[in-house]
Structure formats: C-alpha cells, structure tokens
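Chain and residue survey
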Amino acid sequence: MSEDKAKKDAVAEIETAELAGDENKVADGKNTIDRVNAPAATEDQVVSTTQAQETGSGSVSTMDPDGSPPVKMGERRGMFGSSLGLDTTGYGGLVQPLLFPGSSERPYGGYFDEVADALLEVLGDRHGDAIIRLVIDRGEMTLHVRPEHLRLVAQNLRDDAGLRFEMCSGVSGVNYPGDVGNELHAVYHFLSITNASRRLRVEVVCSDDDPRIPSIVDIYPAANWHERETFDMFGIVFEGHPALTRILMPDDWPGHPQRKDYPLGGIPVEYKGATIPAPSERRSYT
C-alpha cells in the first residue's frame, strides 16, 4: 500500500469514527498517519529486538547514528549463558555477542545536555579525561568514569550548584568475564532532589586481578551498606571504606556468590521418593 493511499484511508477512518463517536478508532487513524509521516530509520538505527533480548544489550537505536558503535562486553554461550558447562537446554552451541551501546552524540535531549555541560565545566581541562564515555540509552544517562577520578566526580555531583545530586540510592555490582581486564563493574545510582528528581548512573570498572575502587562513603554516607554488599557478592574492594566486612554471607565464606564463575552448588532434593541431584552435579548436554 502506498503512503498516499494509507493516509487517505486513515483520514476516511477518522472522519467515520468521529461521526460515530468512536474515540478509539479516531486514535488508531491518527497513529496510522503518524507512522506514515515518520522518517525511515537508518541502518545504524535499526536493531533487531530478538538480538537485543538474546544478547542482553541495550537498544542502540537511541544513539545518534553518528555515535560510536556498540561495545562488545563478551559472548553469551548457550541459552542461559552458563560458563561452567552446565547448560542442559540442548542449545550449548549457541553463541551471541554481548553488546552494549557506545558513546552517544549531542544533542542528548531532556536535561542530559545540562548535566553534561555542568559536569564538563566543573572538571575543566585538567580532569577532562575523567569520563571515558557518556551513554544515553533507554531514557537513562550513564557516565563511564575512570576509577582514579570517581571521588572527584562524586564530590562535584553532590556539591556543584548546577548538578546537586544529593542522594546515592544504591551501588550495584556486575560481572562480565568476557570483558578482559575490566571484569568487575560497580554502578552508582544518583538522584537530585533539588533539580526535580533528575537521575544519573555512574559506572566504574576494575579487573579480577586488581579489584579495587575508591570508596565514596565519606561523600555519600548512604553508600556504606551498598558498598559492603557489592564487596560481599562480587569481591570489589572499596578502598577507604570505614568497615568493609561481609554483610550477607558469613565472614569465612569462600568466594563471592554473584560472580559468573562462582560454582552453582546446591544440595540434593527429595521429591516423591526420588532424589534430584544438586544443580552442580546434574549432567549437561554438549
């Protein structure tokens, strides 16, 4: 169907619906016109929904087409990404790249440009390399910050009049074994109460061999228990934390349970007279 014919049919549908008082049909007709008038997506903006779901990647379509290409964080093998040879789905040979959006290009939209301008002004030329890349994806702004500059960025996010992110609502850990040299990620979630609940994410990376990131507890006291939990589950050492001890697991617990290379473990389960082996003892398909 040509675009002109689709528009004419939509206009006729709207007129008929208005006479009949059918608001739903009117809305459908207007949506059809909007779709026809929308510019066609470029090749760089088209991302397969299936690929995004299977790889766990963010939608790159929110990036400017002139922005940097997606960042490959590793590969996902099997249906559920098991790295221990325990995939029992029969899809053990499935390999998908784990893609995340690259740097975004201006204009970012919304308040993101204001935040970026204020932060660049505060950091100045002396600390201009503090931010590795800035990503706008799924309505969120993420700053990828060098570990040695984390405290400087956090201090300015809190104190600068143009930023005023007074609250750190959480610190999360993520493990990407395929991101060699940057296997462990710490993600900080900031909230500005002064500036109409603006939100910002800051991401910092470290390696398995040297899992150290500066603590920001003296800047954001609410990060205390969050950093302890991330240390407990992922083994990231937050240098300068006032009491970096485990918070969920016993003090003598071996390893860090939320790392991807942590043994699945478990205990056998009795079910109607039969014993189901622990997950770590079940057979796998190759």
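The residue numbering used here restarts from 1 in each chain and proceeds along that chain's sequence as written. With pLDDT at 70 or above as the cut-off, local features in this predicted model cover only qualifying residues; side-chain atom pairs require 80 or more to be listed or tallied, and sums for whole chains, interfaces and linings still use all residues. Excluding hydrogens and water, the side-chain values take into account all heavy atoms of the structure.

Two strands qualify as a pair provided that DSSP identifies no fewer than 2 bridges between them. Here a strand is any run of E in DSSP of at least two residues, a helix any run of H or I of at least four, and the numbering for each starts at the N terminus. Taken in spatial order, the 5 strands line up as S3-S4-S7-S6-S5 in an open sheet, and their pairing is mixed. The sheet is open, and its two edges are formed by strand S3 (131-137) and strand S5 (167-175), each paired on a single side. Put simply, the sheet's adjacent strands are angled 20 degrees from each other on average, direction ignored. For S3 and strand S4 (residues 140-145), the ladder comprises 6 bridges, and the chain directions are antiparallel. Note on S4: the bridge partner recorded for Leu-134 is Leu-143. The strands that helix H4 (residues 112-123) touches are S3, S4 and strand S7 (198-206); relative to S4, the one it contacts most, it runs at about 25 degrees. Strands S5 and strand S6 (184-192) of the sheet are contacted by helix H6 (residues 224-234), whose axis makes an angle of about 5 degrees with S5. Orientation is described by axes fitted as lines to C-alpha atoms, over the contacting stretch for helices, and by angles from 0 to 180 degrees between their N-to-C directions. Between two residues, a contact is recorded if the distance between any of their heavy atoms is within 4.5 Å.

Here we take up the pattern of salt bridges. Should a side-chain nitrogen of Lys or Arg be within 4 Å of a carboxyl oxygen of Asp or Glu, the pair is scored as a salt bridge. Applying the stated rule across the entire model yields 12 salt bridges. In this structure, the salt-bridge partner of Arg-138 is Asp-137, at a minimum N-O distance of 3.5 Å. Relative accessible area decides the class of each residue, using a 1.4 Å probe on protein chains only: under 20% of the type maximum gives buried, over 50% gives exposed, and in between gives partly exposed. Classification of Arg-138 by relative accessible area gives exposed; the value is 54%. On the accessibility criterion, Asp-137 (11% relative accessible area) is buried. Here Arg-151 and Asp-218 are joined by a salt bridge, their closest N and O atoms 2.7 Å apart. One end of the pair, Arg-151, is in helix H5 (residues 150-159); the other, Asp-218, is in the loop between strand S8 (212-214) and H6, with 67 residues separating them in the sequence. Salt bridges sharing partners connect three or more residues here, namely Arg-106, Asp-113 and Asp-117.

Mapping Arg-246 onto the fold places it in the loop between strand S9 (237-239) and strand S10 (269-271). On the basis of relative accessibility, which here comes to 12%, the residue Arg-246 falls in the buried class. Sequence separation of Arg-246 and Phe-231 is 15 residues, and the distance between their C-alpha atoms is 7.1 Å. When neighbours within four sequence positions are excluded, Arg-246 is seen to be in contact with Arg-228, Phe-231, Asp-232, Asp-251, Trp-253, Pro-254, Gly-255 and His-256. Counting of polar contacts relies on pairs of N or O atoms within 3.5 Å, with two restrictions inside protein: one atom must be capable of donating a hydrogen and the other of accepting it, and residues adjacent in sequence are counted only when both atoms are side-chain atoms. A distance of 2.5 Å separates polar atoms of two side chains, one belonging to Arg-246 and the other to Asp-232.

Taken as a whole, H5 has its buried residues at Leu-150, Val-153, Ala-154, Asn-156 and Leu-157. Considered in projection along H5, the buried side chains sweep an arc of 165 degrees and stay on one side of the axis. To obtain the arc, one takes the directions from the helix axis to the C-beta atoms.

Nothing here speaks to function; it is geometry throughout.
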